[in-house]
Amino acid sequence: MNPIILCADIGTSSLKAGLIREDGFVLNSTTIRFPQDKESIEHDKAEVWKNSFVKAAKTLLNANFQDLPSLGAICISGNGPSLVAKLKNGKSFSYLWYEKNNAIESDAFHGSIFLPRILSFENSYPEIISSATFISSGPEYLVHSLTDCEPFTLLPEKRFQSAYWTEEETDKIVSTKMKSLLQPFSPLGQQHGFLSKDFLEELNLPLSAKIPLLCGGPDFVAALIGTNTLEEGKICDRMGSSEGINVCTGCNTPDNHAASSSSNDIIRVMPSVIPGFWNKSVIIPKSGSILSAIKAESEYSNSTYEEYFSTLCKNAEKGNKLTPSIENLLKNVKEAYETLGVLSNYTASYITSKIHSPIICTGRQARSDDWLQLRANYLGLPLAKTTCPDSELMGNAIIALSALNEERNLKKISEQIVKIEKTYEPQ
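Residues numbered from 1 in each chain as written. Predicted model: local features only at pLDDT ≥ 70, side-chain atom pairs only at ≥ 80, totals over all residues. Heavy atoms only, no water.

This part covers the sheet that holds strand S18 (residues 420-424). Pairing in this open sheet of seven strands is mixed, and the strands run S14-S15-S13-S12-S16-S17-S18 from one edge to the other. Every interior strand has two partners, whereas the edge strands, strand S14 (268-271) and S18, have only one. In this sheet, neighbouring strand axes are inclined to one another by 25° on average, regardless of whether the strands run parallel or antiparallel. As judged from the two bridges shared by strand S16 (residues 359-362) and strand S17 (residues 383-386), these two strands associate in the parallel manner. Looking at S17, one finds that isoleucine 359 is bridged to leucine 383. (Pairing = 2+ DSSP bridges. Helix = DSSP H or I, 4+ residues; strand = E, 2+ residues; numbered from the N terminus. Axes fitted to C-alpha atoms, helices over the stretch in contact; angles between N-to-C directions.)

Shown next as structure tokens:
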């Protein structure tokens, strides 16, 4: 019986979930938006995540399953570096990635993403830290809640430790109490117990079922796996609330290719989950939020995004100029590609020999054919979308399938099941 993977990704404003077959076919997916009506929810987000996961799982399983034992695994990823403290009274307290950072600027961070948040958490909420039993990131906490496994910290690949923390760094920067709350590292693909009987019962699954849970870790890691951005020259453009353009490379130096007028165009270098490779990226903060604001202020505020993008594309085809706001947004994207050297190195070789894969676009914006075609025309680059624009979900499926497979080969499985649905050549 071929396994089906239940995948979930914790976002900033919603939880996405999907059922994905072994061949990469998405049986169904859903999005559960988090409630916005109570300020108290902000620091109890872990409970919201758990309730949203259960709601999403019920929706998907009831709609798609008759042969329930074929559910092979559950894998969960999420945004970061959001932190959750488990308290002595059994409750949780969430310190989310976008909350004000009260950490002291320090060279001792050495590029760590998590240490500034950990220190800020301690500085901002000392009373919470004093009553906490452990601290973990969002997806790890949700996996723990569903299984009651030992708490852990997901380390995507051993080179990622510099982005997390070392024992030497924590000795220098955080208190003894905070250090005791940090959990040991666990590798990608490690199984963390089985779905507890309480949740088996709540999801109407057989109480005898043994459904392993895995953690996909940070959402951007799951997304790169879910777009097969795992070898030299592969490129992924994640278009969410912010936009991240990612290039897989064998070189671990920033190597800026062009001066940019945008202070945001700073190349970030992180390890790939594939040993020997790295991910270079440029982040365009709040680009998706800016696009939403542009639409809301236009005459198409009540239209769907598909209708809005269709109008933009048709106007451009007629030779009409883009609005200054859209033009500026696309300009920032083009500058990011220039900074990464994509425009100078990628375009010529693709046009002349087609030796490169097109750039894979993911996220809500990637659902619009018109918007992707307009962007391809503006950038002069070939763009594409896969059969699963929610690439974090596909990445989680690949992580789980790799864990269930004796070969445990992420790259091989990614190559097999990540499929391009449509390519948009520049016109």
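Another point: the packing of helix H14 (residues 391-404) against helix H15 (residues 410-417). Packing of H14 against H15 brings their axes to within 9 Å, and their N-to-C directions diverge by 130°. The orientation of H14 with respect to H15, classified from their angle, is oblique. Considering only the axes of H14 and H15, their crossing is right-handed. Residues Met394, Ile398, Ile399, Leu401 and Ser402 of H14 lie in contact with H15, whose contacting residues are Leu410, Ile413, Ser414 and Ile417. Classifying every residue of the contact of H14 with H15 by side-chain character gives seven nonpolar, two polar and no charged. (Parallel < 35°, antiparallel > 145°, perpendicular 65-115°, else oblique. Left-handed = near helix turned anticlockwise from the far one by under 90°. Contact = heavy atoms within 4.5 Å. Nonpolar A, V, L, I, M, F, W, Y, C, P; charged D, E, K, R; others polar.)

With that settled, consider helix H10 (residues 305-317). With 13 residues, H10 extends 18 Å between its outermost C-alpha atoms, agreeing within 8% with the 18 Å of an ideal straight helix rising 1.5 Å per residue. Taken as a whole, H10 has its buried residues at Tyr305, Tyr308, Phe309, Ser310, Thr311, Leu312 and Cys313. Downstream of H10 by one or two residues, glycine 319 has phi in the positive range, about 90°. (Expected span 1.5 Å × (residues − 1). Buried < 20%, exposed > 50% of the residue type's maximum accessible area, 1.4 Å probe, protein only.)

Turning our eyes to something else, we now look at the sheet that holds strand S6 (residues 92-95). Pairing within the open sheet is antiparallel, and its three strands lie in the order S6-S5-S7. The open sheet is flanked by S6 and strand S7 (132-137), the only strands paired with a single partner. Across the sheet, the mean angle from the axis of one strand to that of its neighbour is 20°, orientation sign disregarded. In the sheet, strand S5 (residues 83-87) pairs with S6 via four bridges, with the strands oriented antiparallel. Among the inter-strand pairings, leucine 83 is bridged to a residue of S6, identified as tyrosine 95. Lying on the sheet, helix H4 (residues 138-147) is in contact with S5, S6 and S7; it crosses S7 at an angle near 120°.

Turning next to the side chain of glutamine 183. Here glutamine 183 shows up in the loop between helix H6 (176-181) and strand S9 (185-187). Reaching out from glutamine 183, the side chain makes a polar contact with the backbone oxygen of leucine 181 at a distance of 2.7 Å. Discounting chain neighbours no more than four positions away, the residues touching glutamine 183 are Phe134, Ile135, Pro151, Phe152, Thr153 and Trp165. (Polar contact = N/O pair within 3.5 Å; in protein donor to acceptor, adjacent residues only side chain to side chain.)

Before going further, it helps to spend a moment on the packing of aromatic side chains. For any pair of aromatic rings, geometry is given as the distance between the ring centres together with the angle between the planes. For the structure shown, the criterion picks out 16 aromatic pairs. Three or more aromatic residues joined by ring pairs form one cluster here, namely Tyr300, Tyr305, Tyr308, Phe309 and Trp371. Here the basic side chain of lysine 210 rests over the ring of phenylalanine 194, its NZ or CZ set 5.5 Å away from the ring centre. Here the guanidinium or amino end of arginine 364 rests over the ring plane of tyrosine 305, the centre of that ring lying 4.2 Å away. (Phe/Tyr/Trp six-rings, centres within 6.5 Å; stacked < 30°, edge-to-face > 60°. Lys NZ or Arg CZ within 6 Å of the ring centre and 35° of its normal.)

Our focus in this paragraph is the pattern of salt bridges. Across all of its chains, the model carries 19 salt bridges by this definition. With its nearest N and O atoms 2.9 Å apart, the salt bridge here joins glutamate 157 to arginine 159. By relative accessible area, which is 10% here, glutamate 157 ends up buried. In this structure arginine 159 comes out as partly exposed when scored by relative accessible area, which is 21%. With a shortest N-O distance of 3.7 Å, aspartate 369 and lysine 422 are connected by a salt bridge. Of the two residues, aspartate 369 is situated in helix H13 (residues 369-379) and lysine 422 in strand S18; the sequence distance between them amounts to 53 residues. Here the residues in one salt-bridge network are Lys16, Asp219, Arg238, Arg367, Asp390 and Glu392, joined through shared partners. (Salt bridge = Lys/Arg side-chain N within 4 Å of Asp/Glu carboxyl O.)

Time to look at empty space enclosed by the protein. Using the criterion set out here, one finds three cavities of 30 Å³ or more in the structure. Estimated volume of the largest cavity: approximately 70 Å³. Forming the boundary of the largest cavity are Phe160, Phe220, Val221, Leu224, Ile225, Thr229, Leu230, Pro271, Ser272, Val273 and Asn279. A class-by-class count of the residues in the lining of the largest cavity yields eight nonpolar, three polar and no charged. (1 Å grid on protein atoms, 1.4 Å probe; cavity = no way out; pocket = protein on both sides within 12 Å on 5 of 7 lines; lining within 4 Å. Points joined across faces, edges and corners; volume = space filled by probe spheres on them.)

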